[in-house]
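Okay, here's what each chain looks like letter by letter:
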Amino acid sequence: MDDLIAEVDRRCDTAHRPGEQEQPDWLALLTVAAQLAGQLQTLSDDLVEDYVEHCRMHGSSWTEIGTALGVTRQAVQQRFHAPHKRYSPEAMTAGLREAMVHVKRAAVQHRNNYIGTEHLLWGLTAEDNSATRLLRAAGVSPEMVHQSVGTRLSMGASQAAERIAWTPYSRKAISVAEARTEQNGSEHIDCDDLLIGLSRVGRGVAAAVLIDAGFDAAALDDVSADAH
């Protein structure tokens, strides 16, 4: 709690100005505290959702998951079993459709029954496309990124390739990519859109690889226009 209070004070430094007021601006501090609480709630929801999805992918029943969370099967299904939007090939450019072939191949070859951000980044850097051109324009070697993310692909035990599911961070990345596509007035999601989506999510293996490379979403976005 002390750390959270200190963080509120840090974010709202204007509420504490020695000599200018007898009491701090409690309403300003409350506003910042509410914003911080909302961010923490979102983060905690993401954390639980991530582990629920992994439990489902590894065979746990809704009853078992509900028991672990201290709720009923019906309650946990209502909270986590909402249908997720599926992105058809028609929503993607030819380049992204080709990259998706590499994405699924990486998951199948490693016997993973999920598509994580690591699979997405590996597929995006498998051959020349708008994502690799964006990386080069930003001074990053796509080959080095491909090699780095490849070392993070772990061997699983799944043999049900037809049941591959996207992880929450992967879904968020393509959702960000779709929003960026719409903002730019494009009709199809391209490879560079998904690359920036992976970076903007800020979590997951792909984001870690991009951070290790020394680039963030803003830096990548600044040069994206040169990638096409």
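Just above, that's the structure.
Please read these numbers as outputs of a predicted model, since none were measured by experiment.

Conventions and cut-offs
Residues numbered from 1 in each chain as written. Predicted model: local features only at pLDDT ≥ 70, side-chain atom pairs only at ≥ 80, totals over all residues. Heavy atoms only, no water. Helix = DSSP H or I, 4+ residues; strand = E, 2+ residues; numbered from the N terminus. Buried < 20%, exposed > 50% of the residue type's maximum accessible area, 1.4 Å probe, protein only. Areas by Shrake-Rupley, 256 points an atom, 1.4 Å probe, with all protein chains shown as cover. Core = buried A, V, L, I, M, F, W, Y, C linked by side-chain atoms within 4.5 Å. Contact = heavy atoms within 4.5 Å. Polar contact = N/O pair within 3.5 Å; in protein donor to acceptor, adjacent residues only side chain to side chain. Axes fitted to C-alpha atoms, helices over the stretch in contact; angles between N-to-C directions. Parallel < 35°, antiparallel > 145°, perpendicular 65-115°, else oblique. Nonpolar A, V, L, I, M, F, W, Y, C, P; charged D, E, K, R; others polar. Salt bridge = Lys/Arg side-chain N within 4 Å of Asp/Glu carboxyl O.

1. Remarks on the overall build of the protein
Scanning the protein from terminus to terminus reveals twelve helices and two strands. Expressed as a percentage of the 228 residues in the protein, the buried residues total 38%. Here the protein displays about 13,000 Å² of accessible surface, and carbon together with sulfur accounts for 53% of that area.

2. Some remarks on the nonpolar core
In terms of nonpolar packing, the biggest core is built from 34 residues, with Leu96, Leu121, Leu124, Leu194 and Leu195 touching the most fellow members. Within the residue set of this core, elements represented by two or more residues are α5 (94–109), α6 (117–124), α7 (130–137), α8 (142–150), α9 (168–183), α10 (191–201) and α11 (205–212). With residues near it in sequence (within four places) discarded, Leu194 still touches Leu96, Met100, Leu120, Leu124, Ala173, Ile174 and Ala177.

3. Quick notes on α7
It helps to recall that an α-helix has 3.6 residues per turn; residues three or four apart then point in one direction. Ser130, Ala131, Thr132, Leu134 and Leu135 are the residues of α7 that are buried. The opening residue of α7 is Asn129, an N-cap whose side-chain oxygen sits 2.8 Å from the backbone nitrogen of Ala131. Just beyond α7, the residue with positive phi is Gly139, at close to 85°.

4. Some thoughts on the environment of Val52
The topology assignment puts Val52 in helix α2 (residues 26–57). Of the residues examined, Val52 reaches a relative accessible area of 6% and is grouped as buried.

5. Brief notes about the environment of Asp9
Examined against the element boundaries, Asp9 turns out to sit in helix α1 (residues 2–11). Owing to a relative accessible area of 31%, Asp9 belongs among the partly exposed residues under this scheme. Measuring from C-alpha to C-alpha, the distance between Asp9 and Val32 comes to 8.6 Å, with 23 residues separating the pair along the chain.

6. Quick word on the packing of α7 against α10
Two elements in contact, α7 and α10, have axes separated by 6 Å at closest approach and are oriented at 60°. With respect to α10, the element α7 is oriented oblique. Along the contact surface, α7 presents Ser130, Ala131, Leu134 and Leu135, while α10 presents Cys191, Asp192, Leu195 and Ile196. A class-by-class count of the residues in the contact of α7 with α10 yields six nonpolar, one polar and one charged.

7. Some details on the pattern of salt bridges
Any two side chains of opposite charge can pair if their charged atoms end up close together. Enumeration over the complete set of coordinates arrives at eight salt bridges. Arg152 serves as the salt-bridge partner of Asp212, at 3.0 Å between the closest nitrogen and oxygen. Pair noted here: Asp212 is in helix α11 and Arg152 is in the loop between α8 and β2 (165–166), with a separation of 60 residues, a long-range link. Judged by its relative accessible area of 34%, Arg152 is partly exposed. For Asp193, the salt bridge is made with Arg180, and the minimal N-O distance between the two is 2.2 Å. Placement of the pair is Asp193 in helix α10 and Arg180 in helix α9, with a sequence separation of 13 residues. For Asp193, a relative accessible area of 5% corresponds to the buried category. You can call Arg180 buried: its relative accessible area is 6%. Taken together, the salt bridges that share partners define one network made up of Asp128, Arg133, Arg136 and Glu143.

Nothing here speaks to function; it is geometry throughout.
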